[in-house]
Amino acid sequence: MQEGVASYYGTRFHLRKTANGEVYNMEHLTAAHKNLPFGTMLKVVNLKNEKEVWVRVNDRLPL
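Attention here is on the structure that accompanies the text. (Residues numbered from 1 in each chain as written. Predicted model: local features only at pLDDT ≥ 70, side-chain atom pairs only at ≥ 80, totals over all residues. Heavy atoms only, no water.)

1. Describing the sheet that holds strand 2 (residues 41–45)
Taken in spatial order, the three strands of this open sheet run 1-3-2, and their pairing is mixed. Edge positions in the sheet fall to strand 1 (30–32) and strand 2, since each of these pairs with one other strand and no more. Within this sheet the neighbouring strands show an average axis-to-axis angle of 50 degrees, counted without direction. Two elements, strand 1 and strand 3 (residues 52–59), share three bridges in a ladder whose sense is parallel. The partner of alanine 31 across the bridge, within strand 3, is valine 57. (Pairing = 2+ DSSP bridges. Helix = DSSP H or I, 4+ residues; strand = E, 2+ residues; numbered from the N terminus. Axes fitted to C-alpha atoms, helices over the stretch in contact; angles between N-to-C directions.)

Okay, here's the thing in structure tokens:
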């Protein structure tokens, strides 16, 4: 298990290509990660309220 900070791309990157070539849609739940393979499904949990969502890695973070 990993713990980290989530962020939101928003309108700045909407409809631009992600690292795997998909077009980013700010309405979809996707994720960027430095190392995990594209397509990896991640469960993201808000530690303050225990709400969770599943996201799919389709982009890379800066190294």
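2. Quick notes on the pairing of strand 3
In regular strands, side chains alternate between the two faces of the sheet. Inspection of the sheet shows strand 2 paired to strand 3 by five bridges, in the antiparallel sense. For valine 44, the partnering residue across the bridge sits in strand 3 and is valine 53. Hairpin connection of strand 2 to strand 3: six residues between the antiparallel strands, including glutamate 50 at a positive phi of 65 degrees.

3. Topic: the layout of surface pockets
Empty space within the largest pocket amounts to approximately 1,200 Å³. What lines the largest pocket is a set of 31 residues, and nearest its centre among them are Val5, Ala6, Ala31, Val44 and Val55. Those elements that place two or more of their residues in the lining of the largest pocket are strand 1, strand 2 and strand 3. (1 Å grid on protein atoms, 1.4 Å probe; cavity = no way out; pocket = protein on both sides within 12 Å on 5 of 7 lines; lining within 4 Å. Points joined across faces, edges and corners; volume = space filled by probe spheres on them.)

4. Quick word on a nonpolar patch on the surface
The grouping of Leu29, Val44 and Val53 at the surface amounts to a nonpolar patch, some 230 Å² of accessible area in total. Locating valine 53 in the fold gives a position in strand 3. The class for valine 53 is partly exposed, based on a relative accessible area of 38%. (Patch = residues over 30% accessible without salt bridge, like charges linked within 9 Å, V, L, I, M, F, W, Y side chains within 5 Å. Areas by Shrake-Rupley, 256 points an atom, 1.4 Å probe, with all protein chains shown as cover. Salt bridge = Lys/Arg side-chain N within 4 Å of Asp/Glu carboxyl O. Buried < 20%, exposed > 50% of the residue type's maximum accessible area, 1.4 Å probe, protein only.)

Scope: geometric values only; no functional claims are made or implied.
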